[in-house]
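# Examining the three-dimensional arrangement
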Amino acid sequence: MAQWHREHSTTDGNSESTDVMVLHGPPQRVVVCARRDCDAPNVSRVLHLRDITRETEVDRMKSEFLSTAAHELRTPMASIRGFSDLLMLRKFDEERTRDLLQTINRQSIWLTDMVNELLDLARIEARKGKDFQLEVTQLRDAADAAVKSLLVPGDERRVRCLLVEDLPPVHVDRAKIQHALTNVLSNAYKYSPAGGEIELRLLQRPQPEGSSGGTAQVGIAVRDQGIGMAPEHAARAFERFFRADSSGSIPGTGLGLALVKEIVELHGGQVELHSELGIGTTVTLWLPAWDKETVDG
């Protein structure tokens, strides 16, 4: 039998009272219990129960997200404010002044990137893919464009691309998928500070068991030989603002993989991540293959 405790109780002064109760399951449920007098024949009091577990969880997640976002945004803002105040109050030599300005510039770029990714994430979640410009395309084209846009002049690292020709097309918003892939490639670069090969491979597999439909999937796997992640960090990789590197030495907002996951899942796909500490990380984006007969049918 489930145990329960009363969260809070209110009375409106008109013979109605409301309790919010937590039922300790499993699963745990949050229920509103409203009682009021009734003038109907043979009925003196009415008891109304409403399950608000989902609403309570959504409110908790919103509060947690806002608290985390405020904390993450405060860090670069405090740095920008502090160093700019210092420059206004004191006169430094040219070298020191340049160093402070570079710090302000780095923090402002970080802040801008974070705000942009937050807005992208909020927009995509709110629209739930309704504004996606879907087209039938080959994943190799999006992969090729993403790699070319990310190449850094002077960096000896290169992405080894294994782009096969005979894979089925996909029905996607090419710009969104390219954005997701760019985030994954960017992580591969950032978390490989000592270098090492980065590999991009196109894959194909049958529809996984338990998934809807029978459509095969086409995937893009990005593998690096970077610092990797411990199992407990890999399990949290898609959480917003979570960063495996807590030292702050590697730039990033902690929102990239959350955005990747949202984009891919709204296309009906999945994101898989495999990582070993000190060995490297592989992130695979799986998308449903385009099947004209299935869609027309």
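Heads up: the structure comes first, above all this text.
To start, this report covers the structure provided alongside it. (Residues numbered from 1 in each chain as written. Predicted model: local features only at pLDDT ≥ 70, side-chain atom pairs only at ≥ 80, totals over all residues. Heavy atoms only, no water.)

A separate point is the packing of helix α2 (residues 94–127) against helix α6 (residues 256–266). Interhelical geometry of α2 versus α6 gives an angle of 25 degrees and a closest axis separation of 10 Å. With respect to each other, α2 and α6 are oriented roughly parallel. Considering the relative orientation of α2 and α6, their crossing is left-handed. Here α2 contributes Glu117, Asp120, Leu121, Ile124 and Glu125 to the contact with α6, which in turn contributes Gly256, Ala258, Leu259, Glu262, Ile263 and Leu266. The class makeup of the residues in the contact of α2 with α6 is 6 nonpolar, 1 polar and 4 charged. (Axes fitted to C-alpha atoms, helices over the stretch in contact; angles between N-to-C directions. Helix = DSSP H or I, 4+ residues; strand = E, 2+ residues; numbered from the N terminus. Parallel < 35°, antiparallel > 145°, perpendicular 65-115°, else oblique. Left-handed = near helix turned anticlockwise from the far one by under 90°. Contact = heavy atoms within 4.5 Å. Nonpolar A, V, L, I, M, F, W, Y, C, P; charged D, E, K, R; others polar.)

Ranked by size, the top nonpolar core spans 46 residues in total, and within it Leu139, Leu181, Leu185, Leu200, Val222, Leu273 and Leu285 carry the most contacts. Tallying contributions element by element places helix α4 (residues 174–190) first for this core, with 7 residues. Contact partners of Leu139, with chain neighbours within four places excluded, come to Val170, Ile177, Leu202, Val218, Gly219, Ile220 and Leu287. Residues Val20, Val22, Val30 and Ile52 belong to the second largest nonpolar core, which totals 5 residues. (Core = buried A, V, L, I, M, F, W, Y, C linked by side-chain atoms within 4.5 Å. Buried < 20%, exposed > 50% of the residue type's maximum accessible area, 1.4 Å probe, protein only.)

With that settled, consider α4. For α4, built from 17 residues, the straight-helix expectation of 24 Å at 1.5 Å per residue is met to within 8% by its first-to-last C-alpha distance of 24 Å. Within α4, the full set of buried residues consists of Ile177, Ala180, Leu181, Thr182, Asn183, Val184, Leu185, Asn187, Ala188 and Tyr189. One side-chain oxygen of the residue at the start of α4 lies 3.1 Å from the amide nitrogen of Ala175, identifying that residue as Asp173. (Expected span 1.5 Å × (residues − 1). Polar contact = N/O pair within 3.5 Å; in protein donor to acceptor, adjacent residues only side chain to side chain.)

Here we come to the pairing of strand β8 (residues 198–205). As paired elements, strand β6 (residues 159–162) and β8 share 4 bridges and run parallel to each other. Counterpart to Arg160 in the pairing with β8 is Glu199. For β8 and strand β9 (residues 217–223), the ladder comprises 7 bridges, and the chain directions are antiparallel. Across the sheet, the residue bridging to Gln204 is Val218, located in β9. (Pairing = 2+ DSSP bridges.)

On to the sheet that holds strand β10 (residues 270–276), then. With respect to topology, 5 strands assemble into an open sheet ordered β6-β8-β9-β11-β10, the strand pairing being mixed. Each edge of the open sheet is held by one strand with a lone partner, namely β6 and β10. Each adjacent strand pair in this sheet contributes to an overall mean axis angle of 20 degrees, direction not counted. Taken together, the 7 bridges between β9 and strand β11 (residues 280–288) define a ladder with antiparallel strand orientation. Bridge pairing links Gly219 to Trp286 in β11. Across the sheet, helix α3 (residues 139–150) touches β6, β8, β9 and β11, and the angle it forms with β8 is around 170 degrees. In this fold α6 packs onto β10 and β11, with an angle of close to 145 degrees to the strand it touches most, β10.

Limitation: the analysis is restricted to geometry and does not speak to function.
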